[in-house]
Amino acid sequence: MAYLGIDLFAGPGGLSLGLIEAGFEIVGAVEWDHHAGRTYRHNIGDHVYVRDLRGFGPVEMDRGLKREGVIRSKREIDLISGGPPCPGFSLIGRSKISNLIHTGQWEGSDSRHRFIDDERNELFREFLKYVGHFKPRYFLMENVSGMTSYNSGEDSPIVDVIESEFRDLGYEVKSEVLVASDYGVPQDRKRIIFLGWRKGECEPEFPVGSDRRITAAEAIQDLPPVDPSTGRSTSEKLRRMADIPRRGSPGYSFLQRARGAPTPLSKSTSGRRVTLHHTRKVNPRDVGIFPLIESGEFGERVLYKDVYPERLDQVILPDGFEHSTLDGDPVVVSTGSGDDSSWKWYDPTKFGDKMRRIRGDRPAPTIVAHLAKDGYMFIHPYENRTITVREAARFQSFPDSFDLSAGGANPISSQFRQVGNAVPPVLAEALGECLISALGSD
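This is a predicted model, so every value here is computed, not measured.

Peer 1: Any chance you could break down the confidence of the model for the protein for me, citing the residues and the numbers?
Peer 2: Here the protein averages 90 in pLDDT, while 89% of its residues score no lower than 70. Note that residues 88-102 has pLDDT below 50 and, in this model, 31 contacts with residues that lie over four places away or in other chains.

Peer 1: Hey, could you go over helix α1 (residues 14-22) for me, with residue numbers and the actual values?
Peer 2: The element α1 is extensively covered by neighbouring structure, given that seven of its nine residues are classed as buried. Taken residue by residue, α1 has G14, L15, S16, L17, G18, L19 and A22 as its buried positions. Of the surrounding secondary structure, the elements contacted by the buried residues of α1 are β1 (3-8), β2 (24-30), α2 (34-43), β4 (77-82), β5 (138-144) and α14 (425-439). The positive-phi residue at the C-terminal boundary of α1 is G23, with phi of around 130°.

Peer 1: Now, about the sheet that holds strand β10 (residues 321-326): what can you tell me, with residues and values included?
Peer 2: Taken together, the three strands give an open sheet; going across it, the order is β10-β11-β12, and neighbouring strands pair in antiparallel fashion. The open sheet has two free edges, formed respectively by β10 and β12 (342-344), since each of these has just one partner strand. Sheet twist, expressed as the mean angle between neighbouring strand axes with direction ignored, is 35°.

Peer 1: I'd like a rundown of helix α7 (residues 158-168), residues and numbers included.
Peer 2: Listed as buried for α7 are I158, V159, V161, I162, E163, E165 and F166. G170 sits one or two residues past α7 and shows a positive phi near 100°.

Peer 1: Account for the packing of aromatic side chains, with residues named and values stated.
Peer 2: Under the definition given, this model contains 17 aromatic pairs. Considering the side-chain rings of Y304 and Y346, the 6.0 Å spacing of their centres and the 75° angle between planes classify their relative orientation as edge-to-face. One end of the pair, Y304, is in helix α11 (residues 304-307); the other, Y346, is in the loop between β12 and α12 (389-395), with 42 residues separating them in the sequence. Assessed through its relative accessible area of 1%, Y304 is described here as buried. An aromatic cluster is present here, built from F290, Y304, Y308, W345, Y346, F351 and Y376 joined pairwise through their rings. Directly above the ring of Y346 sits K354, whose terminal nitrogen or CZ lies 4.8 Å from the centroid.

Peer 1: Talk me through the nonpolar core; I want residue IDs and the actual numbers.
Peer 2: Grouped together as the largest cluster of nonpolar side chains are 61 residues, with contacts concentrated most on F24, L140, I367, I387 and F395. Once you skip the residues sitting within four places of it in the chain, F24 turns out to touch Y3, L19, L79, G432, L435, I436 and L439. Membership of the second largest hydrophobic core comes to 32 residues, among which are L8, M61, L128 and V159.

Parameters at a glance
Residues numbered from 1 in each chain as written. Predicted model: local features only at pLDDT ≥ 70, side-chain atom pairs only at ≥ 80, totals over all residues. Heavy atoms only, no water. pLDDT = per-residue confidence, 0-100. Contact = heavy atoms within 4.5 Å. Buried < 20%, exposed > 50% of the residue type's maximum accessible area, 1.4 Å probe, protein only. Helix = DSSP H or I, 4+ residues; strand = E, 2+ residues; numbered from the N terminus. Pairing = 2+ DSSP bridges. Axes fitted to C-alpha atoms, helices over the stretch in contact; angles between N-to-C directions. Phe/Tyr/Trp six-rings, centres within 6.5 Å; stacked < 30°, edge-to-face > 60°. Lys NZ or Arg CZ within 6 Å of the ring centre and 35° of its normal. Core = buried A, V, L, I, M, F, W, Y, C linked by side-chain atoms within 4.5 Å.

Right, here's the structure in full:
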């Protein structure tokens, strides 16, 4: 029996991919970013609507699915899933609300209004509308773990407010903060997961984690080196699996899956060919800095603030560049005639931890969408350059067959942003399996 689901705020399709692997049939998805929507369509399917959810509500989705013959009744939808951005929650604590009340700008009188009626959380309300319209048997909502630290009023944690909104729709709901590395994802990504079930349905369980974590080095050990001067791979071939140590270990199994798993619309990558293994080339200033940045894996941790300005004399620049000043500030400049390129130094009091090297002996830190702008917080464990799109995708547990470029149509900045915004497919699969188990218990 196929269980039907809808994925909201779908991104490139990480949540959909995992749910599909667990056994769901995702029949509708909504994503506003056209690059991510293109990736979803390229890898997952044509059922994605590239729309702003605020202008594409559940009635429109219902009509579309019926028009396409996917469903006859909205009650056929078993699952609504997604991760609505809630940017306002961290800004509406006691002092903010008190100030609004004091100035007469706030008309609400209870904790619900302080979160739910905040216009910045409109997308959460759209998720509620979909659940209220389709009345699925289950829902799955993912969000940042920091949500657990904030209150909506004097005594009302935001998590409690959110759960009460779903209960008002007739659902039982529970939440838990999960760490992706506990579920086979080589990344210490923490997210709060809300699981809801319609009254009368079987209560789903959260997946059971494992302490056999996959390290960052294990997840990317078969990828070829990258030339820092170009940001391109030095080879088109992955390392042979026969040469990977610790056969049968979690890291080895992870690589087997990453290299061999297909997506709904693609086969697994052919042979040992590496894809999307590209990043930004390293500028002359960073050529001198990166060798001094240490993760702490082999000794003391060294961040940007530990290098500049105290160790400026140890920053060895490549030929054709030198230390200089510009308006009294130190810079790196080209010595070539006619080349006025320069690279400033960041203020260490404001950007002290801007440059960080990933520890190879632990799961990677949380991959973020800011990679679209720079990768300084994600310097390769052992090479002196920032991580590639493929490495970021590996840390997020995407298979190598998953093409974030959508056949070359998406720019590299978008590829980084997409992977940073995505739900790790392996974590999504674990959650999906728990929901499938509950659905099949009737």
